[in-house]
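# Observations on the three-dimensional arrangement
So the chains spell out like this:
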Amino acid sequence: MTKMKKLTSVLLAVVMAMGLAVPAFAEKCPENQFTVYSPVFPNAYILVEQTKNGTENINAIQAADATTSITATVFVEEKWDIIDGEWVIIDSKLLSEEEVCAIGLENFENLYTVSAPTAANPDVTIRGKLALRLGGTHEESGSSATVHLSGRASWSGFDVSGKDEGPAVGADYMCFTWGGGFLIDGTPYTNAISSQGKKIEMHPATATANAGEAWSFNEHIQGTYKNDYTKQVDINMNLKKNVMTGGGNVTEAILTYIHTYDAVQTSIGITGGTGGASGSISFTGTSKYWTLVSKYSGFYY
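One structure accompanies this document, and this report is about it.

The rules behind these values
Residues numbered from 1 in each chain as written. Predicted model: local features only at pLDDT ≥ 70, side-chain atom pairs only at ≥ 80, totals over all residues. Heavy atoms only, no water. Pairing = 2+ DSSP bridges. Helix = DSSP H or I, 4+ residues; strand = E, 2+ residues; numbered from the N terminus. Axes fitted to C-alpha atoms, helices over the stretch in contact; angles between N-to-C directions. Phe/Tyr/Trp six-rings, centres within 6.5 Å; stacked < 30°, edge-to-face > 60°. Salt bridge = Lys/Arg side-chain N within 4 Å of Asp/Glu carboxyl O. Buried < 20%, exposed > 50% of the residue type's maximum accessible area, 1.4 Å probe, protein only. Contact = heavy atoms within 4.5 Å.

Okay, the sheet that holds strand S11 (residues 212-218) next. The 6 strands lie next to each other as S1-S17-S14-S7-S11-S10, forming an open sheet whose pairing is antiparallel. At either margin of the open sheet sits one strand with a lone partner, and together these are strand S1 (33-37) and strand S10 (203-208). Averaged over all pairs of adjacent strands, the angle between their axes in this sheet comes to 10°, without regard to strand direction. Relative to strand S14 (residues 250-260), strand S7 (residues 171-178) runs antiparallel, the two being bridged by 6 bridges. Among the inter-strand pairings, threonine 177 is bridged to a residue of S14, identified as isoleucine 254.

The full count for this structure, using the stated rule, is 9 aromatic pairs. Joined through ring pairs, the aromatic side chains of Phe34, Phe182, Tyr296 and Phe299 make up one cluster.

So, about the pattern of salt bridges. Counted under the stated rule, the structure contains 3 salt bridges. In this structure, the salt-bridge partner of glutamate 99 is lysine 93, at a minimum N-O distance of 3.0 Å. Overall, the relative accessible area of 23% leaves lysine 93 in the partly exposed class. As a salt-bridge pair, glutamate 252 and lysine 295 come within 3.8 Å of each other at their nearest N and O atoms. Of the two residues, glutamate 252 is situated in strand S14 and lysine 295 in strand S17 (residues 289-300); the sequence distance between them amounts to 43 residues. Judged by relative accessible area, glutamate 252 falls into the buried class, the value being 16%.

Turning our attention to the environment of isoleucine 281. Mapped onto the elements, isoleucine 281 comes out in strand S16 (residues 280-284). Considering only alpha carbons, one finds isoleucine 281 and isoleucine 268, 13 residues apart in sequence, at a separation of 7.0 Å. Those residues in contact with isoleucine 281 that lie beyond four places of it in its chain are Cys175, Thr177, Thr256, Ile258, Ile268, Gly269 and Ile270.

The following block contains the structure:
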């Protein structure tokens, strides 16, 4: 556990210690800062990996050089029970460092041998991981600016043998919000696949001009031979502002993943921010959800 603490401290120090201010319209942009957290589980154990000055292939939208990205991995535990004859997830949470160390990192993968709930043994706990990756670049040309954003959520684990239902019934959401009055340039690229390689339909959930856009998708997918679920979700988009405000003003873009575990109708809304502040998200319909947030900040608007 000591080694894990030291590794986490070093990684977080690299991520959080960035942020250099320079005058607007200078030849070199300020160093961008990435921040990752869970508002619902502030003590969640988050493994952070950052890449810088690599090459990012943003699918059909943009091939951008000097991409900076951050991948945050959290450890998820969900508890099943049988209620009125149905398998139901009664709890889902992000684990703390102490909980992860007690369980062991190796116990968050390859869960195909976990038995499904039965009348004799209704309480079943399954564990897996969610990795949320945010990539961003900022380019200036004269007084205009373009931001390239890429987001990816990847699940691992969450297979229960002999089970018909999927993990955490209910829609999940991924969304980008931003500040600075940027407009979406072109059509965002979205794609989702299941653990069995099926294409998953993503639905536009809400959009607010100059502030953000969100998509929803079903996490449970009926499998042909075993439990199937949405394994990977991608959203890539370009933002543009024709005339920056100047004065060294900087703003932010935020990637948010919302995980629900309730089979009820939910809805999401986005309210535009002011100045450099990102738009904010409102979520209604259930209290059975948690969020993972990754923020890319420090680019001119």
